[in-house]
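# Observations on the three-dimensional arrangement
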Amino acid sequence: MYTQSFNVPDTPGLRSVPLAPSTESAESQARFDNKIDADGKIEPQDWMPEAYRKTLVRQISQHAHSEIVGMLPEGNWISRAPSLKRKTILIAKVQDEGGHGLYLYSAAETLGTSRDQMLEGLHSGKAKYSSIFNYPTLNWADLGVVGWLVDGAAIMNQIPLCRCSYGPYARAMIRVCKEESFHQRQGYEALLVMMKGTVEQKAMVQDAVNRWWWKCLAMFGPPDADSPHSAQAMRWGIKRISNDDLRQKFVDATVPQAKVLGVTLPDPDLKWNEERQHHDYGQIDWDEFWSTVNGNGPCNKERLATRVKAHNDGQWVRDAALAYSRKRQTQAIKEAA
Ligand SMILES: [Fe+2]
Ligand SMILES: [Fe+2]
């Protein structure tokens, strides 16, 4: 269903979504609302409010950008993986992330935006991607921790998206989540092996956990009280679980995993709260989070520069594919004549 679609210039005839009428008809709005209330799916050909479409374009394209930028910190380690087995696993994982980007760009394209527009937003720095990828992967233990915690947090965030009200996004997420689950397990397994190794290896794992833990908690986004768009996204069935609830689920799921692994999560306030039946945890440094989101993290510039270079280096591939596609079309027209 989510086929690779090379970009074509936007022309009015190619828009898959009819533009919302200037005075939104009450009837269309009511049909949309009823579908949302009945937990139905909105499909590309359905009428939708312009704000719903824009919210989805922003969210799905940011998600797609995060997938392809997320390839970069791990791609750096393909040549340095410690064994053939680890190299094979890492190549498969990085390739999966590229695939996730493609499903998601395709899902966003059904909303009438083009891949060129989305990539232009990413490459010019206007569009955001997940800030977690603006931190460096310093050693091999980081790769295990990225799988365990970063992909683990991504799964927590993404499973509810399989029930998102926009059909193409929800369907893309089903496959993405299956693959993310493999990513999380391979990371955890790599760490389990290291934790059975030398004192130095164990120290590397603990050091990586210390550096990534708080950043992973911030991946769920600002506290609910500071998330102005969340209520509307929940009303539209795009978001199903709030940022703080997802973060709590992640903490509760991760604490026992850390215990099995034999690492300490770097939070002195982390403890089980019998009354709430959840873990309490300490304060997240939101100043650091916003500073990184706003371009001042340790790797923001490097990530963007690498991404732009990769895109430019691939221009000849896109040109060749388009030329081939045009040739095939011309041939088909000639044969039909
Ligand atoms: Fe992914
Ligand atoms: Fe992943």
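This text follows the structure it describes.
Residues numbered from 1 in each chain as written. Chains lettered and ligands numbered in written order. Predicted model: local features only at pLDDT ≥ 70, side-chain atom pairs only at ≥ 80, totals over all residues. Heavy atoms only, no water.

### Observations regarding the environment of Leu102
- With respect to the secondary-structure elements, Leu102 resides in helix H3 (residues 84–109).
- Classification of Leu102 by relative accessible area gives partly exposed; the value is 35%.
- For Leu102 and Phe250, which are 148 residues apart along the polypeptide, the C-alpha to C-alpha distance reads 27 Å. (Helix = DSSP H or I, 4+ residues; strand = E, 2+ residues; numbered from the N terminus. Buried < 20%, exposed > 50% of the residue type's maximum accessible area, 1.4 Å probe, protein only.)

### Focus: the packing of helix H6 (residues 167–195) against helix H9 (residues 243–261)
- Look at H6 against H9: their axes get within 10 Å of each other, and the N-to-C directions meet at 30°. If you check the angle between H6 and H9, you find them roughly parallel. Residues Gln184, Tyr188, Leu191, Leu192 and Met195 of H6 form the contact with H9, whose own contacting residues are Gln257, Val260 and Leu261. (Axes fitted to C-alpha atoms, helices over the stretch in contact; angles between N-to-C directions. Parallel < 35°, antiparallel > 145°, perpendicular 65-115°, else oblique. Contact = heavy atoms within 4.5 Å.)

### As for the nonpolar core
- Judged by nonpolar contacts, the single largest core of 78 residues is most densely connected at Tyr52, Leu56, Ile60, Trp148, Tyr166, Tyr169 and Trp212.
- Looking at this core, the element that brings in the most residues is H6, giving ten residues.
- In this view, Tyr52 contacts Phe32, Ile36, Ile42, Ser165, Tyr166, Trp236 and Ile238; residues no more than four positions away in its chain are not counted. (Core = buried A, V, L, I, M, F, W, Y, C linked by side-chain atoms within 4.5 Å.)

### Side note on the coordination of the iron ion (ligand 1)
- Protein coordination at the iron ion (ligand 1) comes from Glu67 (OE), Glu97 (OE), His100 (ND1) and Glu180 (OE), with a distance range of 2.0 to 2.2 Å.
- Seen from the iron ion (ligand 1), its four donor atoms lie at angles of 88 to 148°, and the figure they make is irregular.
- Along the chain, the residues donating to the iron ion (ligand 1) are arranged with the sequence spacing E-x29-E-x2-H-x79-E.
- Between the iron ion (ligand 1) and the iron ion (ligand 2) the interatomic distance amounts to 3.5 Å, and Glu97 serves as a bridging ligand to the pair. Placement of both Glu97 and His100 in helix H3 is noted, with a separation of three residues, approximately one turn of the helix. In this structure, Glu97 and His100 share a single accessibility class: buried. (Donors = N, O, S within 2.8 Å, 3.2 Å for Na, K, Ca; no water. Tetrahedral: all angles 85-135°; square planar, octahedral: opposite > 155°, others 65-115°.)

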